[in-house]
Amino acid sequence: MTWQTRASREVYSNRWIRVREDEVTGPAGDGIYGVVEMRHPAVFVVAVDAEDRVCLVEIDRYTVGVSLEVPAGGSDGEDPRVAAERELAEEAGVGAADWQQIGGMTALNGIAEAPEHVFLARGIQTLPDAAHSQAEEGIRAVRWVPFGEAVAMVADGRITDGETVAALAYAGIRLGRFA
């Protein structure tokens, strides 16, 4: 059986998200389904430097507290690659000479429409005049950790952000680390 939407109404919106409530018919019969729509796709950047270290930002999230994540953010309607470059510069103060889009994913499939793009950035260069928004975003520190240690941080629970876990998996696959 496919899901059927009988009616839909917006219950909340702001410049980043829209929340709607749908009256649906699904596998269990009739019901109500709440859906969060992201206004623009998100981007996630796995930046790997010449020493095989991955860039992680330590960020204070309102919802979960301190979290270790790859640089990321909303595309704000920009081309995803342009947004990825902007996010890496803003959050880590670096740029990259080599960019590859290595995957796409969706967050919280059961309740959200949230498309995401994952990029691998290499050829890392410090940006001397980068406009940092770290304080505004709650970024406490930028860390460069060996790729293997980043994977170990997933395994032992130091990295719990789902999108960071998935982005590191995409990068590991692309770089041949999990073969």
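Residues numbered from 1 in each chain as written. Predicted model: local features only at pLDDT ≥ 70, side-chain atom pairs only at ≥ 80, totals over all residues. Heavy atoms only, no water.

> Just to check I follow, could you spell out the overall build of the chain for this structure?
Per the secondary structure count, the chain includes four helices and eleven strands. Across the 179 residues that make up the chain, the buried fraction comes to 39%. Between the centroid of the 16 positive side chains of the chain and the centroid of its 29 negative side chains there is a distance of 2 Å. (Helix = DSSP H or I, 4+ residues; strand = E, 2+ residues; numbered from the N terminus. Buried < 20%, exposed > 50% of the residue type's maximum accessible area, 1.4 Å probe, protein only. Lys, Arg positive; Asp, Glu negative; His and termini not counted. Charge placed at Lys NZ, Arg CZ, Asp CG, Glu CD.)

> When you look at the sheet that holds strand β9 (residues 112–113) in this model, what are you seeing that I'm missing?
The pairing of strands in a sheet comes from backbone hydrogen bonds and takes either a parallel or an antiparallel form. Strand order across the open sheet formed by four strands is β1-β2-β3-β9, with mixed pairing between neighbours. A strand with exactly one partner marks an edge of an open sheet, and here the two such strands are β1 (4–13) and β9. Here two bridges tie strand β3 (residues 29–38) to β9, and the two strands are oriented parallel to one another. Each bridged residue has a counterpart across the sheet, and for Glu-37 the counterpart in β9 is Glu-113. (Pairing = 2+ DSSP bridges.)

> Hey, could you run me through the nonpolar core in this one?
Nonpolar side chains tend toward joint burial in soluble globular proteins. By size, the foremost hydrophobic cluster in this structure holds 21 residues, and its most contacted members are Phe-44, Val-46, Val-54, Leu-56, Val-70 and Leu-168. Among the elements of the structure, β4 (42–47), β5 (53–61), β8 (94–106), β10 (115–126), α3 (147–155) and α4 (162–174) are those that each provide at least two residues to this core. In this structure, Val-70 is in contact with Phe-44, Val-45, Val-46, Cys-55, Leu-56, Val-57, Thr-164, Ala-167 and Leu-168, ignoring residues within four places of it in sequence. Ranked by size, the runner-up nonpolar core spans 13 residues in total, among them Cys-55, Ala-84, Ala-96 and Ala-121. (Core = buried A, V, L, I, M, F, W, Y, C linked by side-chain atoms within 4.5 Å. Contact = heavy atoms within 4.5 Å.)

> Which parts of the structure should I look at to understand the pattern of salt bridges?
Pairs may arise between side chains of opposite charge once their charged atoms sit close together. All chains considered together, the criterion is met by 22 salt bridges. In this structure, Arg-18 and Glu-10 form a salt bridge, with 2.9 Å as the shortest nitrogen-oxygen distance. Between Glu-113 and Arg-20 there is a salt bridge, and its shortest N-O distance comes to 3.3 Å. With Glu-113 in strand β9 and Arg-20 in strand β2 (residues 17–26), the pair connects residues that are 93 residues apart, well separated along the chain. (Salt bridge = Lys/Arg side-chain N within 4 Å of Asp/Glu carboxyl O.)

> Please clarify how the sheet that holds strand β6 (residues 65–69) should be interpreted in this entry.
Read across the sheet, three strands follow the order β6-β5-β11 without closing on themselves; strand pairing throughout is antiparallel. This sheet does not close on itself; its edge strands, each paired only once, are β6 and β11 (139–146). In this sheet, adjacent strand axes meet at a mean angle of 20 degrees when their direction is disregarded. As paired strands, β5 and β6 are joined by five bridges and run antiparallel to one another. When the bridges of β6 are listed, Arg-61 appears paired with Gly-65. Contacting β5, β6 and β11, α3 crosses the sheet at an angle of about 115 degrees to β11. (Axes fitted to C-alpha atoms, helices over the stretch in contact; angles between N-to-C directions.)

> So what exactly am I meant to see when it comes to the packing of α3 against α4 here?
Where α3 meets α4, the axes come as close as 11 Å, and the angle between the chain directions of the two elements is 140 degrees. Here α3 lies oblique to α4, going by the angle between them. Here the hand of the crossing between α3 and α4 comes out left-handed. Contacts between α3 and α4 involve Phe-147, Ala-150 and Val-154 from the former and Val-165, Leu-168, Ala-171 and Gly-172 from the latter. Partitioned by chemical class, the residues of the contact of α3 with α4 number six nonpolar, one polar and no charged. (Parallel < 35°, antiparallel > 145°, perpendicular 65-115°, else oblique. Left-handed = near helix turned anticlockwise from the far one by under 90°. Nonpolar A, V, L, I, M, F, W, Y, C, P; charged D, E, K, R; others polar.)

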